[in-house]
Amino acid sequence: MRIRRRIAGFCLIALALSAAASVARASDLNGFRAAHGRKALKVSAHLSSMAYAHAYDLARRGALDHAGFFTSRGPDGATAENVSYGCASESCAIAQWAASAHHRANMLRTDVSSYGLGSALSSSGTRYWVMELGGGAPPPARGRTHAYLEEAVAAPPQAAHKKR
């Protein structure tokens, strides 16, 4: 009887650890893509540096926008961009974007092969996030009137400060 209880206990622990690992995998971009039948993207140092630079600029200015996408990041290889603020973790930012149809569409695009993700903390303590996607399609033409750019609203205060 004791052996059966111990085996059952070990099975429950293994199941809980497996479920926790699945949640953790789905909280990153490639986990989110895999959960929706999309191929994994490669992390691009180039797109990551663009994402970090833009996140830093947003945090410095206390703004949420796509300034420089058409003149700099787009012509330099970014095909789509998501920006947000208020989340303390990457998993929160991914969840925030996943809840928005346009952000979700960017994260599930099939015409990109790489991405970069960056965040920066403003002087007021607000964290800004930027995701740049690219590598699979030509950069947008200068003067293009529509691009795959999305802005997220701030996370609710409890989500913005809650550690995950």
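Whatever comes next refers back to the structure up there.
Quick caveat, the model's predicted, so the values are computed rather than measured.

(A) View of the overall build of the chain. Of the regular secondary structure elements, the chain holds seven helices and five strands. Secondary structure elements in the chain, listed N-terminal to C-terminal, are α-α-β-α-α-β-α-α-β-β-β-α. Burial analysis of the chain (164 residues in total) assigns 42% to the buried set. Of the contacts formed within the chain by residues at least 6 apart in sequence, a portion of 71% connects residues at least 24 apart.

(B) Local environment of the pairing of strand 3 (residues 114-121). Burial of strand 3 is extensive: seven of the eight residues sit out of reach of the surface. Where strand 1 (residues 42-43) meets strand 3, two bridges bridge the pair, whose relative direction is parallel. From the neighbouring strand, K42 faces strand 3, where its bridge partner is S114. The sheet contact formed by strand 3 and strand 4 (residues 127-134) spans eight bridges and is antiparallel. Note on strand 4: the bridge partner recorded for S114 is G134. Counting the residues between successive antiparallel strands, the hairpin from strand 3 to strand 4 contains five residues, one of them, G125, with a positive phi of roughly 95°.

(C) Region of the structure containing the pattern of salt bridges. Going through the model one piece at a time under the given rule, you end up with six salt bridges. Of the charged contacts in the structure, one is a salt bridge between D57 and R60, with a shortest N-O distance of 2.6 Å. With D57 and R60 both in helix 3 (residues 45-61) and three residues apart, this pair spans about one turn of that helix. Residue classification places R60 among the exposed residues on the basis of a relative accessible area of 53%.

(D) Here's a closer look at the packing of aromatic side chains. Summed over all chains, the structure comprises two aromatic pairs. Pairing F69 with F70 gives two aromatic rings, centres 5.7 Å apart and planes at 85°, and the pair type is edge-to-face. In this structure F70 comes out as partly exposed when scored by relative accessible area, which is 30%. Where Y85 meets Y128, the ring centres are 5.7 Å apart and the plane angle is 25°; that geometry is what we call stacked. With Y85 in strand 2 (residues 78-85) and Y128 in strand 4, this pair connects stretches of sequence that are 43 residues apart.

(E) Region of interest: the state of the cysteines. Scanning the entire structure with this criterion turns up one disulfide. Here C87 engages in a disulfide with C92; their sulfurs sit 2.2 Å apart. The sign of the S-S torsion, about -55°, decides the handedness of the disulfide formed by C87 and C92: left-handed. C92 gets classed as buried once you look at its relative accessible area, which sits at 5%.

Definitions and limits used
Residues numbered from 1 in each chain as written. Predicted model: local features only at pLDDT ≥ 70, side-chain atom pairs only at ≥ 80, totals over all residues. Heavy atoms only, no water. Helix = DSSP H or I, 4+ residues; strand = E, 2+ residues; numbered from the N terminus. Buried < 20%, exposed > 50% of the residue type's maximum accessible area, 1.4 Å probe, protein only. Contact = heavy atoms within 4.5 Å. Pairing = 2+ DSSP bridges. Salt bridge = Lys/Arg side-chain N within 4 Å of Asp/Glu carboxyl O. Phe/Tyr/Trp six-rings, centres within 6.5 Å; stacked < 30°, edge-to-face > 60°. Disulfide = S-S within 2.5 Å.

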